[in-house]
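A look at the structure
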Amino acid sequence: YLRDEAGLIIDAIYRRAVTSECMDRISEINDFIQAVLQKKVCLIGAFRTQVVHNKNIFRILHLDKTKSFLTHDEIEFINQHIPRTYELKTGLFDYDDVINNKDKWLIKPSDKYGSYGVEAGLNCSLDEWVQIINDKINTDYILQEYCTPFKTQNFYYNDKNEPVYDMYNNMTGIFLYNGKVAGLYSRLMTGPVTTKQDEGRVAPTILACPSYMTIPELELPHLKKIL
């Protein structure tokens, strides 16, 4: 069993450390790893979540090998909703297209978070973009089509408690639990990607639906219906 410094048994752990951070400090957490392997502790945030945390999942979904066992509808869903993604490695993407059409592309580390290392062509001059691509090529980066978010007006309160209005790009995350929609996570940004430099913010989500639609139909019973 896994125990704390006082000798008490640890029954469950809510894991906030991402897998890459665990791997960076693997020598310090051997007892924890062994407890997980031996199923002596309940890990909330299992290591299997690494499969979808790694940005390479987008690239893998587009592979012919992956599509060979998917249905027609599943393939169509991928083609319509998952941006084209490539390894940023020589010979695996069209270098000239990425340089000459920089606004169509962004790059990001395959296994980071918090928008660390994300660079969008829209944010760069051509010379800057060329330098970024050349610096990151053949490293653990992916290249991805840039999808233009929809814009809405919103506001925040500044230090003087005054509302400041602006047009924000919207990025909505959909959370699933046990195969069903369980919540929404709304992020706003003034620039092409969600970063602090682009005034990245998290916004509350309010679900509004017509009177003929009930919350159970949406499988979001914990959200209030606004008529």
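Located above this text is the structure these notes cover.
Because the structure is predicted, anything quoted here is derived from the model rather than measured.

On to the overall build of the protein. Looking only at helices and strands, one finds nine helices and 10 strands in the protein. Of the contacts made within the protein by residues no fewer than 6 positions apart, 46% connect residues no fewer than 24 positions apart. When the accessible area of the protein is evaluated, it comes to approximately 15800 Å², of which 54% is carbon and sulfur surface.

Relative to strand β9 (residues 180-189), strand β8 (residues 163-177) runs antiparallel, the two sharing nine bridges. Across the sheet, F175 pairs through a bridge with G183, a residue of β9. Turn length for the β8-β9 hairpin, with the two strands adjacent in sequence and antiparallel, is two residues, and the turn residue N178 shows positive phi of about 55°.

By the secondary structure assignment, S110 is in the loop between β4 (105-109) and β5 (119-120). There is a polar contact of 2.8 Å between the side chain of S110 and the side chain of D140. What S110 contacts, discounting residues up to four positions off in sequence, is H53, N54, K55, N56, D140, Y141 and I142.

Attention now moves to unusual backbone geometry. A positive phi is found at K39, a non-glycine position, where the angle reads about 60°. By the secondary structure assignment, K39 is in the loop between α2 (30-37) and β2 (42-44). Here the phi dihedral of N138 falls at roughly 65°; this positive angle occurs in a residue that is not glycine. The residue N138 is located in the loop between α8 (126-136) and β6 (141-145) in this model.

Taken together, the side chains of F155, Y157 and Y165 present a nonpolar region at the surface, about 360 Å² in accessible area. Within the fold, Y165 resides in strand β8. You can call Y165 exposed: its relative accessible area is 52%.

Take the sheet that holds strand β10 (residues 201-203) next. Pairing is antiparallel across the open sheet formed by four strands, whose spatial order is β7-β8-β9-β10. Every interior strand has two partners, whereas the edge strands, β7 (151-157) and β10, have only one. On average, each strand axis in the sheet is tilted by 45° relative to the strand beside it, whichever way the strands run.

Attention now moves to the nonpolar core. L88, F93, V98, I107, W129, I133 and L143 are the most contacted members of the largest nonpolar core, which totals 13 residues. Residue assignment for this core shows that the elements contributing at least two residues are α7 (95-100), β4, α8 and β6. With near-sequence residues (within four places) excluded, I107 lies in contact with L88, G117, V118, E119, W129, I132, I133, K136, Y141, I142 and L143. Of all hydrophobic cores here, the second largest spans six residues; its members include L2, I33, V41 and L43.

Right, let's get into the sheet that holds β4. Read across the open sheet, the four strands follow the order β3-β6-β4-β5; overall the sheet is antiparallel. What marks the edges here is a single partner per strand, and that holds for β3 (85-87) and β5. Across two bridges, the pairing between β4 and β5 is antiparallel. Across the sheet, the residue bridging to I107 is E119, located in β5. Across the sheet, α8 is in contact with β4, β5 and β6; its angle to β4 comes to roughly 35°.

Thresholds, definitions, all that
- Residues numbered from 1 in each chain as written.
- Predicted model: local features only at pLDDT ≥ 70, side-chain atom pairs only at ≥ 80, totals over all residues.
- Heavy atoms only, no water.
- Helix = DSSP H or I, 4+ residues; strand = E, 2+ residues; numbered from the N terminus.
- Contact = heavy atoms within 4.5 Å.
- Areas by Shrake-Rupley, 256 points an atom, 1.4 Å probe, with all protein chains shown as cover.
- Pairing = 2+ DSSP bridges.
- Polar contact = N/O pair within 3.5 Å; in protein donor to acceptor, adjacent residues only side chain to side chain.
- Patch = residues over 30% accessible without salt bridge, like charges linked within 9 Å, V, L, I, M, F, W, Y side chains within 5 Å.
- Salt bridge = Lys/Arg side-chain N within 4 Å of Asp/Glu carboxyl O.
- Buried < 20%, exposed > 50% of the residue type's maximum accessible area, 1.4 Å probe, protein only.
- Axes fitted to C-alpha atoms, helices over the stretch in contact; angles between N-to-C directions.
- Core = buried A, V, L, I, M, F, W, Y, C linked by side-chain atoms within 4.5 Å.

Remember that the coordinates give geometry; whether it matters functionally is a separate question.
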